[in-house]
Amino acid sequence: MACRNFSIALISYLNPILCVLLLISKDANAIWYTFGILFSIAPLFSLALPREHGIVYRGYFIGAVGSAGLIVSWYTDHHKQLGCYLVGLSFFHISEYLLTALFKEHKLSYDSFLLNHSTAYHVALVVGLFEYLVTFVNLGPGYKFYAPIYWTGGVVMIAGDAVRKLAMITAAENFDHIVQDTKNEDHKLVQNGVYAISRHPSYAGWFYWSIATQLLLCNPVSTCAYAYAAWRFFSERIEEEEYYLVQFFRGEYVDYKDNVGIGIPFIKGYEIDPAVREQLLKKNK
């Protein structure tokens, strides 16, 4: 089933992307033929796979966002960073679902696309695009295409998402999009790979990715707002998650916490009472 859902989501996502790539190739015959065939697959797919129609439509929607990014990047001179942003945003969401399908099949759902993450997340996306358009119209393209900021944002955006995806792959079945308050029998404390550098690499990657999206768009106000909102969100999230991790792994997690940082400035995580901490460490030896 995981392979099936993975394939459906990937094919749905790639169809509009492939159409745009053929459009860019300027092969007229291939363009019209491919447009007719590929875009007809979506409704046919849904009729043939009624249980998976939600996957098809979401995959197509995310792919359409990426396709719009490719078109904007290729055919405009002053909105290339907006196109790159849309491509990066689409890849972020589709890869979340695909990796969950591979490593956490029993937890796979429409929520795994993270399209309905939260109202605050949706508002943040709208605010970022609004600032980009308003500043572009009022201040001109020169203001929006300052190369050092643009390139810094692009590189950090790629790196941040790469760290998050590496965290998901390394943790595999131990990764979850939701904070767990009950320990599963097969739940292990992952300390290798990127987890040897950060004890919350998926959060650290997402933190830097979110800020970098606004650097890429050269949005000064949204960059600051995203940094504050993301820091506050992950500060609370990590404290909550580490409370349960201490309950699950006791001294083993305390020792891990003492030796590995988080990777997000000024976030310390769950503060353990010194007396309790010493007892847990003694039991771990």
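See the structure printed just above.
Let me begin by describing the structure that accompanies this report. Here the residue numbering is sequential within each chain, running from 1 through the sequence in written order. Since the coordinates come from a predicted model, pLDDT governs what is reported: local features require at least 70, and pairs of side-chain atoms require 80 or more to be given and counted, while whole-chain, interface and lining totals use all residues. As a rule here, side-chain values cover all heavy atoms of the structure and leave hydrogens and water aside.

1. Regarding the overall build of the protein
Okay, so step 1: Comment: elements are numbered from the N terminus, with helices defined as DSSP H or I runs of at least four residues and strands as E runs of at least two. Each helix and strand in the protein was counted, giving eleven helices and zero strands.
Okay, so step 2: Start at the N end of the protein and walk to the C end: the helices and strands fall as α-α-α-α-α-α-α-α-α-α-α.
Okay, so step 3: For the protein, with 285 residues in total, the buried portion stands at 46%.
Okay, so step 4: Every residue pair with non-hydrogen atoms within 4.5 Å of one another is taken to be in contact. Long-range contacts, defined as pairs at least 24 residues apart, comprise 75% of the intrachain contacts of the protein with a sequence gap of at least 6.
Okay, so step 5: A total of about 15100 Å² of accessible surface is found on the protein, and carbon and sulfur atoms cover 66% of it. Remark: exposure states derive from per-residue accessible area (1.4 Å probe, protein chains only) relative to the maximum for the residue type, with buried under 20%, exposed over 50%, and partly exposed in between. In this description, accessible areas are obtained by the Shrake-Rupley approach with a 1.4 Å probe, and a residue is regarded as covered only by the protein chains that are shown.

2. Topic: helix 3 (residues 53–75)
Owing to its 3.6 residues per turn, the α-helix brings residues three or four apart onto one side.
Okay, so step 1: One less than the residue count of a helix, multiplied by 1.5 Å, gives the span that helix is expected to have. In this model, helix 3 (23 residues) spans 32 Å end to end at C-alpha, consistent with the 33 Å of a helix rising 1.5 Å per residue.
Okay, so step 2: All of the buried residues along helix 3 are G54, I55, V56, G59, Y60, I62, G63, G66, S67, G69 and S73.

3. What to know about the side chain of S67
Okay, so step 1: Structurally, the position occupied by S67 is in helix 3.
Okay, so step 2: Setting aside its immediate chain neighbours within four residues, S67 contacts P16, I17 and V20.

4. Structural notes on the side chain of H93
Okay, so step 1: Locating H93 in the fold gives a position in helix 4 (residues 80–103).
Okay, so step 2: Of the residues examined, H93 reaches a relative accessible area of 5% and is grouped as buried.
Okay, so step 3: Contacts of H93, omitting those with residues within four sequence positions, involve I62, F113, L114, L115 and Y121.

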